[in-house]
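Given next are the chains, with one letter for each unit.
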Amino acid sequence: MTTPATHNDDTTAGHQPDSLIGRVVHDHGRGRLGKVMDKVGPRYQLRPLDGGREWETDHDNIEVAVLPRCAVIDRLKAERGKAHKEGRSAEVHMLTTVLGRHLREMHP
C-alpha cells in the first residue's frame, strides 16, 4: 500500500530540502522499494533497503510506502506493557532497551 508523495519546491544552490528524505518509497518506474537519500534538482536519489548502489528517479515515479507492522515490535511492546502494569521496573527497562536496539538495527 502506498500514499502519494509530497515535495517541497524550495531550491538552495541546486540542493532541495524535502520531506521525503529518509522515507521509504516505491519507485513505480523500476518496481522497487528504496529509501530517499537526497534530492538534487527535480530528481530523487534512492538506495535499496538492504544497501547497495543508489539510483535516481523523478517525483512522478514515487509514492511513500506503507510497510507492514513488525510482529517483534508488537510483541515487545505488549510484554513491556504487561511488565509495567505488574510493577516490574527492571524488566520494563530491559524491554525498552531491547525495543530501542531492534528499532535502530531493523528499522533504520
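For clarity, every value in this text was computed on a predicted model and none was experimentally measured.

J.: Explain the pattern of salt bridges to me, and be specific about the residues and the numbers.
T.: Here the idea is simple: oppositely charged side chains can pair when their charged atoms come close. Enumeration over the complete set of coordinates arrives at seven salt bridges. Notably, a salt bridge pairs Arg 43 with Glu 56, separated by 3.1 Å at the nearest N-O pair. Here the residue Arg 43 occupies a position in strand β4 (residues 43-47), and Glu 56 occupies one in strand β5 (residues 55-58), the gap between them amounting to 13 residues. Classification of Arg 43 by relative accessible area gives partly exposed; the value is 28%. What makes Glu 56 partly exposed here is its relative accessible area of 37%. With its nearest N and O atoms 2.8 Å apart, the salt bridge here joins Arg 43 to Asp 58.

J.: Which residues make up helix α1 (residues 71-85), and what are the values?
T.: The first and last C-alpha atoms of α1 sit 21 Å apart over 15 residues, in line with the 21 Å expected at 1.5 Å per residue. Within α1, the full set of buried residues consists of Ile 73, Leu 76 and Ala 83. Mapping the buried residues of α1 onto a view down its axis gives an arc of 95°, with all of them on the same face. Of the exposed residues in α1, the ones pointing more than 90 degrees away from its buried face are Ala 71, Lys 82 and Lys 85. Considering only its buried residues, α1 is in contact with α2 (89-106). Backbone geometry just after α1 places Gly 87 at a positive phi near 75°.

The rules behind these values
Residues numbered from 1 in each chain as written. Predicted model: local features only at pLDDT ≥ 70, side-chain atom pairs only at ≥ 80, totals over all residues. Heavy atoms only, no water. Salt bridge = Lys/Arg side-chain N within 4 Å of Asp/Glu carboxyl O. Helix = DSSP H or I, 4+ residues; strand = E, 2+ residues; numbered from the N terminus. Buried < 20%, exposed > 50% of the residue type's maximum accessible area, 1.4 Å probe, protein only. Expected span 1.5 Å × (residues − 1). Arc of directions from axis to C-beta. Contact = heavy atoms within 4.5 Å.

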